[in-house]
Amino acid sequence: MIFDKYDVIVVGGGHAGCEAAAAAANMGNRTLLITMNMNAMAAMSCNPAVGGIAKGQIVREIDALGGQMGIVADKTMIQFRMLNKSKGPAVWSPRVQSDKFEFAAEWRNVLEKTRNLEFWQDHVDSLIVDGDIIKGVHCQMGGEIYSKTVILTNGTFLNGKIFIGEKSFSGGRISESASYGITEQLVSLGFEADRMKTGTPMRIDGRSIDFSRLSEQKGDDDVTGFSYLEIEKPKQQRSCHIAYTSPEVHNILRRGFEKSPLFTGRIKGIGPRYCPSIEDKIERFADKDFHQLFVEPEGRTTVEYYLNGFSSSLPEDIQYEALRHIEGFENAKIFRPGYAIEYDFFPPNQLYHSLETHQIHGLFFAGQINGTTGYEEAAAQGLMAGINAHRLIHDLEPIVLRRDEAYIGVLIDDLITKSVDEPYRMFTSRAEYRILLRQDNADARLTEKGFDIGLATEDRLNHYRNKYEKVNELVSYLKSTNVGPDSINGLLESKGTPGIANKMRLSQILTRPQINLRDMIENVDCLKGKYDLNTESARNIIEEAEIIVKYEGYIDKEREVADKLNRLENVRLSPDFDYYALNSLTMEAREKLTKHKPQTLGQASRISGISPADISVIAIFLGR
Ligand code: FAD
């Protein structure tokens, strides 16, 4: 007998599956990760980068809760940039360019070192279900394997079909086979499934690119990374480069439109609006003469480059000819063309906020299978599914993060209450409380919770407590210490802001936009020498204290609004609530509420088509 009975089986070793398996096993559950190819763990199917706008915040939240993605990205980093640094801290977003080979290898290393975690390389072709209870999975080679819960994270593999021009063939990702059987079985059990598509650009041989004709984009000098554990950073970073398409390039691409699977209707699935293919961009923005492209190295030493912004499913000869008309790519050679992929997903309004399915008790879905796109969105769902599978097994209430607590909360709440009609990716604009959900304070929001549920380690908790003890000390000092004109006017005037006539609180001076805390520490006597600005921990403490002081008014205001709205979240709704019995609800509201089964009045209020009047009707019925 190869297999015992498991607590958790995770199907799929992508970004969602790895995070789910690590979380479930680290919380003490006997976990089996089954994936088709153990050499492609957490494979970066598309660009070799983690984070970016709003996604970077998610990675920091995963890290704060005790997940692994941030640590793996930091360890395999080849470039770091804090995006949006010229804007307010509410939207600062870390982005790491990783070596994609090291990233996959490091993830496997992390998983192999995880206690309670076993592996099996196989193709899961169906689920074992008894009535409405999950019992395990069936594999092509291994046969039946039993477990108390199953987390499906099949990504783009379910009935995956690849398109390049007029060619199309089955596959879950280039050179990997698709997954068959699961969708059909779930549909026969009453699940709704649909199709989506995505695409990726060609990979280029860097030896054939003339970098002297492109503009260089270097990494930041100040490398914070994702993990609050302050992982050692690489000494050297690799640059990216910027290139541009031109009208000539667009004309060549247009010649391939008649063979485009997209425009000829052979791809039916809906694609990601914010990650369109180059042919989509040319068609949608016909008046634009050029589009910006980012030339990103795929690793620390490899010559392989990813051409961000040039995703395409046009015939490979058209892609290649167009490429060779881009400045700097006149002699380019490619490793492989871009392609599009169409796959099945399950509209996520079939899930509870725990990511357990309505129809089958103990079955969870996480990642692209729920209609999202992106490694970070997938990893976040995997983490939460792993946590909630553990909670279910131990008869504990699920962990559901609130919208004012985490982007992960926004993500899952949006999926469940609004469902998706196109691939869902995270944006800062999806969050109502951006100044609360900053990338710098995910540890303050989530680490205690991560520890309480048994995921974040004691070391992480202590690290977090230590940091905030020092942050709070510094904030109190700034708020209680006055400084005189002699000590500060030199700095103020050098920064183009008027000097002071009388003593003033340090915190008051810090609220001036021209002044930052680092400058004050370097120039004001009472602060000088208190912090070693060369250490990462001191820089983190200073940044946090500065944000708290500078943005206190905004933070307090947003907190107040969030607390008010949270009261609606405390009004729970039964999944069996008979909305059709409430005559004063509109028919649309009755239908949508019955379909989405919101767990609280707050969730009900965010379902599209549910008006404040509908919410009042329910609140009055409940006697609130
Ligand atoms: P995946 O990373 O797809 O992992 C799924 C895993 O499940 C794989 O390990 C697979 O082997 C395994 N598996 C599947 N079925 C079975 C089975 N039956 N039995 C055993 N194992 C199974 N995202 C963006 O944000 N922007 C983009 O532009 C973008 N472009 C993309 C282009 C392409 C061509 C592809 C393939 C993906 C693209 N993505 C893009 C999506 C991104 O790769 C995914 O969002 C992310 O990888 C999803 O993670 P996941 O864990 O849900 O699934």
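Reading the values: rules and limits
- Residues numbered from 1 in each chain as written.
- Predicted model: local features only at pLDDT ≥ 70, side-chain atom pairs only at ≥ 80, totals over all residues.
- Heavy atoms only, no water.
- Near = heavy atom within 4 Å.
- Polar contact = N/O pair within 3.5 Å; in protein donor to acceptor, adjacent residues only side chain to side chain.
- Areas by Shrake-Rupley, 256 points an atom, 1.4 Å probe, with all protein chains shown as cover.
- Helix = DSSP H or I, 4+ residues; strand = E, 2+ residues; numbered from the N terminus.
- Salt bridge = Lys/Arg side-chain N within 4 Å of Asp/Glu carboxyl O.
- Disulfide = S-S within 2.5 Å.
- Buried < 20%, exposed > 50% of the residue type's maximum accessible area, 1.4 Å probe, protein only.
- Core = buried A, V, L, I, M, F, W, Y, C linked by side-chain atoms within 4.5 Å.
- Contact = heavy atoms within 4.5 Å.
- Pairing = 2+ DSSP bridges.
- Axes fitted to C-alpha atoms, helices over the stretch in contact; angles between N-to-C directions.

Peer 1: I would appreciate a short explanation of the site of the ligand in the present structure.
Peer 2: Around the ligand, the surrounding shell holds 35 residues, and the nearest of these are Ala16, Val124, Ser179, Gln368 and Gly374. Residue Thr35 places a side-chain N or O atom 3.3 Å away from an oxygen atom belonging to the ligand. Interatomic distance of 3.1 Å between a backbone N/O atom of Gly199 and a nitrogen atom of the ligand. Protein coverage of the free-state accessible area of the ligand, which is 980 Å², stands at 97%. Listed by contribution, the elements that provide at least two residues to the shell around the ligand are helix 1 (15-26), strand 2 (31-35), strand 12 (194-200), strand 19 (339-345) and helix 9 (375-393). A total of 3 residues in the shell around the ligand trace back to one element, the largest contributor, which is strand 12.

Peer 1: In this structure, what is going on with the pattern of salt bridges? I would like to understand it.
Peer 2: For side chains of opposite charge, pairing can occur when their charged atoms come near one another. What the rule picks out here adds up to 46 salt bridges. Note that Glu102 is salt-bridged to Arg300, the shortest N-O span being 2.7 Å. Separated by 198 residues along the polypeptide, Glu102 in helix 4 (residues 100-112) and Arg300 in the loop between strand 16 (292-297) and strand 17 (304-308) bring together distant segments of the chain. Among the salt bridges present, the one from Arg255 reaches Glu321, with a minimum N-O distance of 2.8 Å.

Peer 1: Is there a simple way to think about the state of the cysteines in this case?
Peer 2: Per the stated rule, a full pass over the model turns up 0 disulfides. The closest cysteine sulfur to the non-disulfide-bonded Cys46 is located on Cys275, 6.6 Å from its own sulfur. Cys46 gets classed as partly exposed once you look at its relative accessible area, which sits at 21%.

Peer 1: Before we go on, may I ask you to explain the nonpolar core in this structure?
Peer 2: Taken as a class, soluble globular proteins show a tendency for nonpolar side chains to be buried jointly. Formed by 100 residues in total, the largest nonpolar core has its most connected members in Val137, Ile145, Leu152, Leu186, Leu363, Met384 and Ile408. Counting residues per element, this core draws most heavily on helix 9, at 9 residues. In contact with Leu186, not counting residues within four places along its chain, are Leu127, Leu152, Phe191, Phe346, Ile360, Leu363 and Phe365. Counting residues in hydrophobic clusters, the runner-up holds 28 residues, among them Val471, Leu478, Leu491 and Leu506.

Peer 1: Even after reading the chapter, I still don't get the environment of Ala538, so can you show me in this structure?
Peer 2: If you trace the backbone, Ala538 turns up in helix 16 (residues 536-550). Look at Ala538 and you get buried, because its relative accessible area is 7%.

Peer 1: Explanation requested: the sheet that holds strand 3 (residues 49-51) in the structure shown.
Peer 2: One open sheet accounts for 3 strands, arranged 3-5-4; its pairing is antiparallel. This sheet does not close on itself; its edge strands, each paired only once, are strand 3 and strand 4 (77-83). On average, adjacent strands in this sheet sit at an angle of 20° to one another, irrespective of strand direction. Where strand 3 and strand 5 (residues 93-98) come together, 3 bridges link them in antiparallel fashion. Residue pairing for strand 5: Ala49 is matched across the bridge by Gln97.

Peer 1: Got a minute to help me understand the sheet that holds strand 17 in this structure?
Peer 2: Remark on secondary structure: sheet strands pair via backbone hydrogen bonds, oriented parallel or antiparallel. Strand order in the open sheet formed by 6 strands is 14-15-16-17-13-18, with antiparallel pairing between adjacent strands. The sheet is open, and its two borders are formed by strand 14 (215-217) and strand 18 (334-336), each paired with just one other strand. If you compare each strand with its neighbour and ignore which way they point, the axes differ by 35° on average. Alignment of strand 13 (residues 203-205) against strand 18, held across 2 bridges, turns out to be antiparallel. Note on strand 18: the bridge partner recorded for Arg203 is Arg336.

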